Amino acid sequence: MTTVEQAEHIIQNQVRDYGTELVPFDRSTGRVLAEDILADRDMPPFNRVTMDGIAINYSTYANGIRTFYIAATQAAGDKPVAVSDLNHCIEIMTGAVLPNWADTVIRYEDVLISGNEAEVLVDTVNQGQNIHFKGRDKQQGDVVVAKGRLINPSIISIIASIGKTQVLVKKLPRVAIISSGDELVDVHQTPAPYQIRKSNNHTIKAVLQQHGLNAGMLHIADNAEQTRDAISKCLANYDAILLSGGISMGKFDYIPQALEQVGVRKIFHRVQQRPGKPFWFGADAKGVLIFAFPGNPVATFMCLHRYFLPWLRAVMDLYERPVYAMLAEDFYFEPDLQYFLQVKTTVAPDARLIATPLAGNGSGDFANLADTDAFLELPAGRDEFEAGEVFRLWRF
Ligand SMILES: Nc1nc2c(c(=O)[nH]1)N[C@H]1C(S)=C(S)[C@@H](COP(=O)(O)OP(=O)(O)OC[C@H]3O[C@@H](n4cnc5c(N)ncnc54)[C@H](O)[C@@H]3O)O[C@H]1N2
Ligand code: MOO
Ligand SMILES: [Mg+2]
């Protein structure tokens, strides 16, 4: 049987580049930059006042002047205000451009204003204080954010400030989510006593949305012909298809057979793991990838996090360092399968990441996922796992 490591390796070998596209900058969070972001002006673009107060020419202060006539007031957004006499000051606000004749700003807290005069109350005033100098952070033309970076809200502010309404990002693969099963009804419907509502497909969609990916969604009945038709259509329109259910040993598990009938080559079926042993993976001649996850909700969820998301990150050229956590209690698991133990993680005062087992009632128990936040990957080939041992962690 395919091991977890082999499955991972095979899937990572199917990484390809889906090109680039322009998107509105305010919809680019979570996408990967495909161009360098250059400063269109110096940052900051002018000598920017950083404190509300008065602006002076320092030489006057150095010459012993402590009381300044207030010649004008300059707000942020005002043109620089001139003075007729260098011994004068102006009141000036945070965010205003510092006029050329001035070089120092003294905070309101450090002056006494009475009438048209400002008296300096402090003993120390340094030339150039309270000014964020033009070009101090970046110079015009500098690369502020290099391509390949994941766009987060702080990068959005940079893109906005340089006036880029559209930004070039890596294209995401087009993904279809196909759920299957005659026992499943829609969320708004009331199930008969022997039916359940669909949930796996919504979970997959929600996880993909967290990665900026808007997947298409459809449902197929346990019917061989309908299964073949639906998969054929998706093969023509998508880069990856995520199926859930219909791949095990059941009489109505038509999916593996239907996939091969419509020209999808099986690369592996069944992985030495629990949950998710029936996981099926393949590709068609054009390179459309099929991730057919076992229908049990925890199995679908685990396979999505263990196989699909790492593939997606590799497609986006984003590599995350593996995360490890320390098992909080002894745990026993006998079958010779890699076991993805559901855990609740906490950070100990000494900064260790601790994983407390909350195994749940098998791969149908998706309520347990709400009480946990990660899978701890316990290797196959051994039964006993001791408190204090460290294993790979897959957060969700
Ligand atoms: N004889 C054997 N039976 C089973 C084996 C096996 O090795 N031999 N493997 C078991 C394991 S492990 C799993 S996991 C499941 C996988 O089954 P399928 O992929 O064929 O999935 P289904 O039979 O369609 O459904 C299983 C289970 O999951 C529920 N389900 C499916 N889709 C959804 C959905 N979109 N939302 C919510 N729940 C869903 C479905 O109702 C079933 O309860 O096979 C075991 N059997
Ligand atoms: O993959 Mo199954 O979920 O082990 O039950
Ligand atoms: Mg089945």
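An unreviewed UniProt entry annotates the protein chain as Molybdopterin molybdenumtransferase originating from Mucilaginibacter mali. What UniProt states about the protein chain under its Pathway (unreviewed entry) heading is, verbatim, "Cofactor biosynthesis; molybdopterin biosynthesis." Under Function (unreviewed entry), UniProt gives the following word-for-word description of the protein chain: "Catalyzes the insertion of molybdate into adenylated molybdopterin with the concomitant release of AMP."

Some words on the side chain of Thr104
Here Thr104 lies in strand 7 (residues 104–107). There is a polar contact of 3.1 Å between the side chain of Thr104 and the backbone nitrogen of Gly128. Filtering out sequence-adjacent residues up to four positions away, Thr104 remains in contact with Ile54, Ala55, Ile56, Tyr58, Val125, Asn126, Gln127, Gly128, Gln129 and Ile131.

Some details on the domain arrangement of the protein chain
Taken domain by domain, the protein chain consists of domain 1 (4–18 + 172–315), domain 2 (20–43 + 136–170), domain 3 (48–132) and domain 4 (323–395). Computed over C-alpha atoms, the centres of domain 2 and domain 3 are 35 Å apart.

Some details on the coordination of the magnesium ion (ligand 3)
Surrounding the magnesium ion (ligand 3) are the protein donor atoms Asp253 (OD) and Asp253 (OD), which sit 2.4 to 2.6 Å from the metal. For Asp253, the location among the structural elements is in the loop between strand 17 (240–244) and helix 6 (255–261).

Re the UniProt feature "domain: MoaB/Mog" (unreviewed entry) in the protein chain
When the UniProt feature table is mapped onto this chain, "domain: MoaB/Mog" (unreviewed entry) is found at residues 176–314. Here residues 176–314 runs as 36% helix and 25% strand, with 19 Å between its end C-alpha atoms.

Here we look at the site of ligand 1
In the region of ligand 1, 20 residues are neighbours, and Glu183, Ser199, Gly246, Ser248 and Gly295 sit closest. The contact in question runs from a nitrogen atom of ligand 1 to an N or O atom on the backbone of Ser199, over 3.0 Å. Ser248 places a polar main-chain atom, nitrogen or oxygen, 3.0 Å from an oxygen atom of ligand 1. If ligand 1 stood free it would expose 870 Å²; the protein chains cover 68% of that surface.

Here we look at the pattern of salt bridges
Inspection of the entire model under this criterion finds twelve salt bridges. The residue Glu21 makes a salt bridge to Arg31 at a minimum N-O spacing of 2.7 Å. Here Glu21 is found in strand 1 (residues 20–24), whereas its partner Arg31 is found in the loop between strand 1 and strand 2 (37–38), with ten residues between them in sequence. Given the relative accessible area of 28%, Glu21 is considered partly exposed. One salt bridge connects Asp110 with Arg107, and the closest N-O pair in it is separated by 3.1 Å. One network of salt bridges, in which partners are shared, links Glu8, Arg306 and Glu377.

Re the site of ligand 2
The immediate surroundings of ligand 2 are formed by Arg274, Pro275, Gly276, Lys277, Pro278, Asn296, Ala299 and Ser363. At 3.1 Å from an oxygen atom of ligand 2 is found a side-chain nitrogen or oxygen belonging to Asn296. At a separation of 2.3 Å, an oxygen atom of ligand 2 approaches a polar side-chain atom of Ser363. Partitioning the shell around ligand 2 into residue classes produces three nonpolar, three polar and two charged.

Some points on the packing of helix 1 (residues 4–12) against helix 7 (residues 297–315)
Their axes nearest at 10 Å, the elements helix 1 and helix 7 cross at an angle of 35°. For the crossing formed where helix 1 meets helix 7, the hand is right-handed. Contacts between helix 1 and helix 7 involve Val4, Ala7, Glu8, Ile11 and Gln12 on the former and, on the latter, Arg306, Tyr307, Pro310, Trp311 and Ala314.

Describing helix 4 (residues 200–210)
Among the residues making up helix 4, those that are buried are Asn200, Asn201, Ile204, Val207 and Leu208. Along helix 4, the residues classed as buried sweep out an arc of 125° about the axis, all on the same side. Contacts from the buried residues of helix 4 go to strand 13 (175–180), strand 16 (216–220), strand 17 and helix 7.

Notes on the sheet that holds strand 16
With mixed pairing, the six strands of this open sheet are ordered in space as 16-13-17-21-20-18. Each end of this open sheet is capped by a strand with a single partner; those strands are strand 16 and strand 18 (265–269). The sheet shows a mean angle of 20° between the axes of neighbouring strands, direction not considered. Here five bridges tie strand 17 to strand 21 (residues 289–293), and the two strands are oriented parallel to one another. Bridge assignment links Ile241 to a residue of strand 21, and that residue is Ile290.

Regarding the environment of Leu86
By secondary structure assignment, the location of Leu86 is in the loop between strand 5 (67–74) and strand 6 (89–92). With 68 residues separating them along the chain, Leu86 and Tyr18 place their C-alpha atoms 62 Å apart.

Description of the pairing of strand 6
Of the two faces of strand 6, the one holding Cys89 and Glu91 and the one holding Ile90 and Ile92 are both buried throughout. For strand 4 (residues 53–56) and strand 6, the ladder comprises three bridges, and the chain directions are antiparallel. Looking at strand 6, one finds that Ile54 is bridged to Glu91. In terms of strand pairing, strand 5 meets strand 6 through four bridges, oriented parallel. Bridged to Gln74 within strand 6 is Ile92.

Concerning the packing of helix 4 against helix 7
Where helix 4 meets helix 7, the closest approach of the two axes is 10 Å, and the angle between their N-to-C directions is 25°. Between helix 4 and helix 7, the crossing angle belongs to the class labelled roughly parallel. As for how helix 4 packs across helix 7, the hand of that crossing is right-handed. Facing helix 4, whose interface residues are Asn200, Thr203, Ile204, Val207 and Leu208, helix 7 presents Pro297, Thr300, Phe301, Leu304, His305, Phe308 and Leu309. Looking at the contact of helix 4 with helix 7, its residues break down into eight nonpolar, four polar and no charged.

Criteria and thresholds
- Residues numbered from 1 in each chain as written.
- Chains lettered and ligands numbered in written order.
- Predicted model: local features only at pLDDT ≥ 70, side-chain atom pairs only at ≥ 80, totals over all residues.
- Heavy atoms only, no water.
- UniProt positions renumbered as here; feature names shortened; annotations may be inferred.
- Helix = DSSP H or I, 4+ residues; strand = E, 2+ residues; numbered from the N terminus.
- Polar contact = N/O pair within 3.5 Å; in protein donor to acceptor, adjacent residues only side chain to side chain.
- Contact = heavy atoms within 4.5 Å.
- Domains from an automatic or database assignment.
- Donors = N, O, S within 2.8 Å, 3.2 Å for Na, K, Ca; no water.
- Near = heavy atom within 4 Å.
- Areas by Shrake-Rupley, 256 points an atom, 1.4 Å probe, with all protein chains shown as cover.
- Salt bridge = Lys/Arg side-chain N within 4 Å of Asp/Glu carboxyl O.
- Buried < 20%, exposed > 50% of the residue type's maximum accessible area, 1.4 Å probe, protein only.
- Nonpolar A, V, L, I, M, F, W, Y, C, P; charged D, E, K, R; others polar.
- Axes fitted to C-alpha atoms, helices over the stretch in contact; angles between N-to-C directions.
- Left-handed = near helix turned anticlockwise from the far one by under 90°.
- Arc of directions from axis to C-beta.
- Pairing = 2+ DSSP bridges.
- Parallel < 35°, antiparallel > 145°, perpendicular 65-115°, else oblique.

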